[in-house]
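Reading the structure
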Amino acid sequence: MRRAFHIIQQRRPGLAAAVVLTYAWLLVSGLYPSALHAQEKSFLWKVSKNEKNVFLLGSIHYLKKENFPLRKSILDALDSSKRLVLEIDLNSASAGSAQRLTVEKALYRDGATLPQNIEQETYRLAAQRAAQLGIDMQVLNPMKPWFVALTMMAIKFQQLGLDPTLGVDRYLAARAKDGGIPTSGLETLEFQIGLMDQLSKSDQELMLRETVAELDLLDQNFNQIVQSWLKGDGASLEVLLLASMREYPDLYQKIIVDRNRRWLPQIEKMIAQGDDAMVVVGAAHLVGQDGVIEMLKFRGYNLEQQ
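What comes next concerns the included structure. Only a predicted model underlies this, so the values are computations on that prediction, with no experimental measurement involved.

So, about the environment of Thr-151. One can find Thr-151 in helix 7 (residues 145-159). One polar contact links the side chain of Thr-151 to the main-chain carbonyl oxygen of Phe-147, over a distance of 2.8 Å.

Listed below in structure tokens is the structure:
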């Protein structure tokens, strides 16, 4: 995890922001759909081959009430699908089990503490930021840097009025449950938490340090992300979500590329079997040459943005 959290003049989101967008379940601005032009498309594709298809949607994990209802094309895609497939099955993973699994990985098990595992200056900056956020740093001292970083991001989001329970994936999972549409996951909660916990000690510290540095930019950054998502603007989202992460190839490979490649055969199987499914993954996984969209095009599938 060499990283993606640079605060540059373009003020693009850094690594921590990109990771939180990918892992919102562990714990975006009020742009109104009505402001969009009629010709603009949603971040939804119909993927087809041999008269069989699935819908593929890129998700934003944090939104505001003002962003709802979602576009009709998205809701129609779900209502016409026989199954909703998410990164993890949000209708089977309870909040309690998610919290327990996360804390089990986040806690040092050898009696070590956060200040023993990061530089003194990093800890000083983290403690200063924690005080600003109203967090008791003593509570975070037994935790690993990746968890401390995500905790700070989640609390800052909350202060900005951003709500993970209003994320696209959670909203659609609830709608599917109400409509009797079965749900499943491309991977497990344990796998996702493990990805964070397997980051090197230096990468975790860098993630924490850059999180502390960029928190004040979150409001502006996420305004840009949500605006691009609402417009279905994949080129802008690629820059906003991936430009910084690509500066750290190991992290980019592990968090984005490897997972995309693991998902691809699952999506192809759904199409071949005529599952009529809707697949919803983080928007960062659909954009760019390593994204699922380009992978499917390369394998001969027809993709129509809706």
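What follows deals with the sheet that holds strand 2 (residues 52-59). Pairing is mixed across the open sheet formed by six strands, whose spatial order is 4-3-5-2-1-6. The sheet is open, and its two edges are formed by strand 4 (183-185) and strand 6 (302-305), each paired on a single side. The mean inter-strand angle of the sheet, taken between neighbouring strand axes irrespective of direction, is 25 degrees. Looking at chain direction, strand 3 (residues 83-86) and strand 5 (residues 277-282) are connected through four bridges and run parallel. By the bridge assignment, Arg-83 is partnered in strand 5 with Ala-277. Sitting on the sheet, helix 8 (residues 168-179) is in contact with strand 2, strand 3, strand 4 and strand 5, with an inclination near 150 degrees to strand 3.

This part takes up the nonpolar core. Core analysis: the largest hydrophobic core is formed by 98 residues, its most contacted members being Leu-70, Met-152, Leu-172, Leu-208, Trp-229, Met-278 and Leu-296. In terms of residue count, helix 13 (residues 249-272) provides more of this core than any other element does, 10 residues in total. Beyond its immediate stretch of four places on either side in the chain, Met-278 contacts Leu-44, Phe-55, Leu-57, Ile-74, Ala-77, Leu-78, Ser-81, Arg-83, Leu-84, Val-85 and Leu-172.

Here we take up the environment of Ser-200. Along the polypeptide, Ser-200 turns up in the loop between helix 9 (189-197) and helix 10 (201-214). According to the relative accessible area criterion, Ser-200 is partly exposed, its value standing at 31%. When the C-alpha positions of Ser-200 and Trp-146 are compared, they lie 10.0 Å apart, and in sequence the two are 54 residues distant. Within polar-contact distance, the side chain of Ser-200 engages the side chain of Ser-202 at 3.2 Å.

So, on to the pairing of strand 3. Here strand 3 pairs with strand 4 via three bridges, running parallel. Across the sheet, the residue bridging to Val-85 is Ser-184, located in strand 4.

What follows concerns the side chain of Asn-260. Turning to its location among the elements, Asn-260 is positioned in helix 13. Within polar-contact distance, the side chain of Asn-260 engages the side chain of His-285 at 2.8 Å.

What follows is about unusual backbone geometry. With an omega of 5 degrees, the peptide bond running from Phe-68 to Pro-69 counts as cis. If you trace the backbone, Pro-69 turns up in the loop between strand 2 and helix 2 (72-79). For Asn-50, which is not a glycine, the phi torsion comes out positive at approximately 55 degrees. As for its position among the elements, Asn-50 is in the loop between strand 1 (44-49) and strand 2. If you check the backbone angles, Asp-276 has positive phi at about 50 degrees while not being a glycine. The residue Asp-276 is located in the loop between helix 13 and strand 5 in this model. In this structure Asp-276 comes out as partly exposed when scored by relative accessible area, which is 28%.

Rules used in this analysis
Residues numbered from 1 in each chain as written. Predicted model: local features only at pLDDT ≥ 70, side-chain atom pairs only at ≥ 80, totals over all residues. Heavy atoms only, no water. Helix = DSSP H or I, 4+ residues; strand = E, 2+ residues; numbered from the N terminus. Polar contact = N/O pair within 3.5 Å; in protein donor to acceptor, adjacent residues only side chain to side chain. Pairing = 2+ DSSP bridges. Axes fitted to C-alpha atoms, helices over the stretch in contact; angles between N-to-C directions. Contact = heavy atoms within 4.5 Å. Core = buried A, V, L, I, M, F, W, Y, C linked by side-chain atoms within 4.5 Å. Buried < 20%, exposed > 50% of the residue type's maximum accessible area, 1.4 Å probe, protein only.

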